[in-house]
Amino acid sequence: MSCEFLSPSEAVPRWIAPGATVGVGGMHMTAAPMSLVREIVRQRIRIGRLVTSPSASLQADLLIGAGLVEELISPYVGFEHLGLAPAFRRAVEGGSLAVLECDEGSLTHALYAGAGGLPFIPCPPGIDLTDIPKVNPTLYRQVQDPFTLEARWAVAAVRPDVTLVHCAEADESGNVAFGGFPFTDRLMALAGRRVIVQVERMVSQERMAAHPPGTTLPGFLISAIVVAPGGCHPTAAPGYYGRDEDAIQAYLEAARTPEGFQEYVERTILRLDEPAYLEQVRGQQPAGVS
Amino acid sequence: MSGAYSTLELMAVVLARNLQDGEVVVMGAVPALPLAACRLARALHAPTLWYIVGGSGTVNPAPDSLPASSCDPALRPAPSTLPLPDVVLLEGRGDALDVFCAGGLQIDAHGNCNLVSVGPWAHPKFRGPGSVGIPFLPVTKRSVIYTMSHTPRTFVERVDFVSGPGHPSGPEQDRPYRRQGPSLVVTPLAALDFDPHDRRMRLRTVHPGVAVNQVADATGFELVLPSQVPETPPPTERELSELRRWDPHGVLRR
């Protein structure tokens, strides 16, 4: 399979079928593939099951607020020191979003299982003393340890139909390199049936070859690459720019009410196509911030 | 000394004094307070303390100022960095990590933490962000709990949802994983620990200017109150000057 270089508006409908299980990377307010997320919002593609990294922020809240997510697998949706996730809270408290409750440990091991072809995997210790598995029979079941005969919780493998992640760089063969922190994004890409990668820039194969092991993915795993400089905005892209805290706070302020959320989406996302959004961000931000 | 230091600075100092040389500490979201405490402990009495900053996986990062986010690009470069899936492996192994720093929307008399929901899970009155890594609390050698909210709404007899397990309420020999459980709770009003007999939260020191009954009134369950409750020793000049070296923007003084 060879990877295609597409625009966000081409890549999103090509590989995200309505109702699919979609993995979206980015940890807290860093390295969220926001160009792809905004395009899902513009094209109103329904997500059957959204899987996030162990800690999601705007990438999840925006899709949830737009009413596009039926079920959520996420150990955390929030904005750290900036506060709680307004759309996520509203959707759960109002009963319009089904949460498959989980934690960082189970999700990470479920992604290992998905990436490695295991149907399920025993959970690491600790979860048995929480209420998490009790409220999520979809992902958690009790199994017997075949060696000690003790009861243990197991978690089902998680395999996104398509995984969306941000990388710093790609080369012309579709190999990609994570900048800064690969988080669980690299693992989620390994578990995905398809992978769409949003990158800051194209580099030579020689430069790509210089990246250390464990920080790259080969092009044969990647279905589409979208070159979107500035595309993580308003989250950070390590090595390229920091998070735009003013823009995140403007979102949090607007999203306090459903009407404010709608107005925000209309004004900042729907009114502009993605190239125009990125053009506007580049006009506002000093270049080269890391 | 009143007014010479902030509540957050005092809390960072209390946490730092509790950290022991050689321990490996792991912290999660909003890392400014535990990160400041770890750096202070290393500078003063625990030169071989190790600390892992949450999602970034950075080990012993020493940025010029205190980052607000646990995934802040400013945490790089660090002397070493674990990819996040490796941090999860070590959290599950348990014997690699000594101190897990955690908090909660609700914290109960036995030190259970809840980051998920107030009210029934299926119909929450208030939905929190989620449990992230705190189910690993009972697997780590010990945990420390910190919160900026010491109110009866946060400190409840029993959490509505267990995200981060605390001490078991049953017999000591039933303690799973044979780890120490929560060993310290730091709030804007006081430092607390747990009674060794029934493992209920116990008032240890009250911060300067805070009365014992003020802490009891702010707690939604009956605290174990020793006959003598000393005052938390205020930060020394040396502690404050070290702390402020990495906090030029006064993140802990806001």
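Residues numbered from 1 in each chain as written. Chains lettered and ligands numbered in written order. Predicted model: local features only at pLDDT ≥ 70, side-chain atom pairs only at ≥ 80, totals over all residues.

**Q** Run through the interface of chain A and chain B, naming residues and quoting values.
**A** Many structure descriptions define interface size as the accessible area lost when the parts assemble. Taken together, the contact between chain A and chain B spans 43 residues of the former and 38 residues of the latter. For the side of chain A that touches chain B, the elements supplying multiple residues, two or more each, are helix 4 (86-93) and helix 5 (104-116) of chain A. Classifying every residue of the side of chain A that touches chain B gives 21 nonpolar, 15 polar and seven charged. (Contact = placed C-beta atoms within 7 Å. Helix = DSSP H or I, 4+ residues; strand = E, 2+ residues; numbered from the N terminus. Nonpolar A, V, L, I, M, F, W, Y, C, P; charged D, E, K, R; others polar.)

**Q** Let's hear about the sheet that holds strand 7 (residues 113-114) of chain B: which residues, and what values?
**A** Hydrogen bonds between backbone atoms are what pair the strands of a sheet, whose relative direction is either parallel or antiparallel. Residues and elements named next belong to chain B. With mixed pairing, the three strands of this open sheet are ordered in space as 7-6-11. Every other strand in the sheet has two partners, leaving strand 7 and strand 11 (155-156) as the edge strands with one partner each. The sheet contact formed by strand 6 (residues 106-108) and strand 7 spans two bridges and is antiparallel. Within strand 7, the position partnered with Gln-106 by the bridge is Asn-114. (Pairing = 2+ DSSP bridges.)

**Q** Please provide a residue-by-residue account of the sheet that holds strand 6 (residues 120-122) of chain A, values included.
**A** Residues and elements named next belong to chain A. Here three strands make up an open sheet; going across it, the order is 6-8-7 and the pairing antiparallel. Because the sheet does not close on itself, it has two edges, and the strands there are strand 6 and strand 7 (140-144). Each adjacent strand pair in this sheet contributes to an overall mean axis angle of 40°, direction not counted. Relative to strand 8 (residues 151-156), strand 7 is paired through five bridges, and the arrangement is antiparallel. Within strand 8, the residue paired with Val-143 across the bridge is Arg-152. The strands that helix 5 touches are strand 6 and strand 8; relative to strand 6, the one it contacts most, it runs at about 135°. (Axes fitted to C-alpha atoms, helices over the stretch in contact; angles between N-to-C directions.)

**Q** Hey, could you go over helix 2 (residues 34-43) of chain A for me, with residue numbers and the actual values?
**A** Residue and element names in this part refer to chain A. When you tally the buried positions in helix 2, you get seven out of 10 residues, the bulk of the element. Taken as a whole, helix 2 has its buried residues at Met-34, Ser-35, Leu-36, Val-37, Arg-38, Glu-39 and Ile-40. A positive phi of about 50° marks Arg-44, the residue just after helix 2. (Buried ≥ 20, exposed ≤ 12 C-beta atoms within 10 Å, placed from the backbone.)

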